[in-house]
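# Coordinate inspection notes
Below, each chain spelled out in residue letters.
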Amino acid sequence: MDNNQITINVNNFFTAVTNYAEYVTSGNSQMANKYHSVMQKTFNRLKEDDQRKYIFSKINDNNPFVSVCVSSFCIKLEPEKCITKLREIQKYNSPASLIPEIIIDLYEKGKL
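Report follows, based on the coordinates. (Residues numbered from 1 in each chain as written. Predicted model: local features only at pLDDT ≥ 70, side-chain atom pairs only at ≥ 80, totals over all residues. Heavy atoms only, no water.)

### Some points on the pattern of salt bridges
- Here the structure, examined in full by the defined rule, presents four salt bridges.
- In this structure, Glu108 engages Arg87 in a salt bridge whose closest nitrogen and oxygen atoms are separated by 3.6 Å. Note that Glu108 is positioned in helix H6 (residues 100–108) and Arg87 in helix H5 (residues 79–89), a separation of 21 residues in sequence.
- Note on Arg87: relative accessible area 41%, which makes it partly exposed.
- In this structure, the salt-bridge partner of Asp105 is Lys109, at a minimum N-O distance of 3.2 Å.
- We classify Asp105 as partly exposed; its relative accessible area is 34%.
- Judged by its relative accessible area of 54%, Lys109 is exposed. (Salt bridge = Lys/Arg side-chain N within 4 Å of Asp/Glu carboxyl O. Helix = DSSP H or I, 4+ residues; strand = E, 2+ residues; numbered from the N terminus. Buried < 20%, exposed > 50% of the residue type's maximum accessible area, 1.4 Å probe, protein only.)

Printed below as a string of structure tokens:
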């Protein structure tokens, strides 16, 4: 994968995160699921060429939904850092703070 394609995939991932956050917050699960699927497909493309570092680099983003999504997709890559970030986000007063418990539970049960 060339640098231009990597940039396109990374941008697509974070655009999908933004859309996902919007639909989760508004309660539109059908559209949230659609954008989660886009994130998954894009992440898998980056994973094939071991370019996940471009996603992981945003783990400390100011947007908690970005940090949650990065942590959930990169938890096998950097488990300690991702779980620490997810536990931090659980303390936020944000719709994103409801998601980390589920991700941590699934990871600990080997389902991610």
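So, next bit.
### A look at helix H4 (residues 64–74)
- Of all 11 residues in H4, 10 are buried, a share of seventy percent or more.
- The set of residues buried in H4 consists of Pro64, Phe65, Val66, Ser67, Val68, Cys69, Val70, Ser71, Phe73 and Cys74.
- Where the residues of H4 are buried, they touch helix H1 (3–26), helix H2 (29–48), helix H3 (53–56), H5 and H6.
- Put simply, Asn63 is the residue that caps the front of H4, since its side-chain oxygen is 2.8 Å from the backbone nitrogen of Phe65. (Contact = heavy atoms within 4.5 Å. Polar contact = N/O pair within 3.5 Å; in protein donor to acceptor, adjacent residues only side chain to side chain.)

### Points about H5
- Buried residues of H5: Cys82, Ile83, Lys85, Leu86 and Ile89, and no others. Taken down its axis, H5 places every buried residue within 160° of arc, on the same side. Looking at H5, the residues exposed on the side facing more than 90 degrees away from the buried face are Glu80 and Thr84.
- Looking at the buried residues of H5, the elements they touch are H3, H4 and H6. (Arc of directions from axis to C-beta.)

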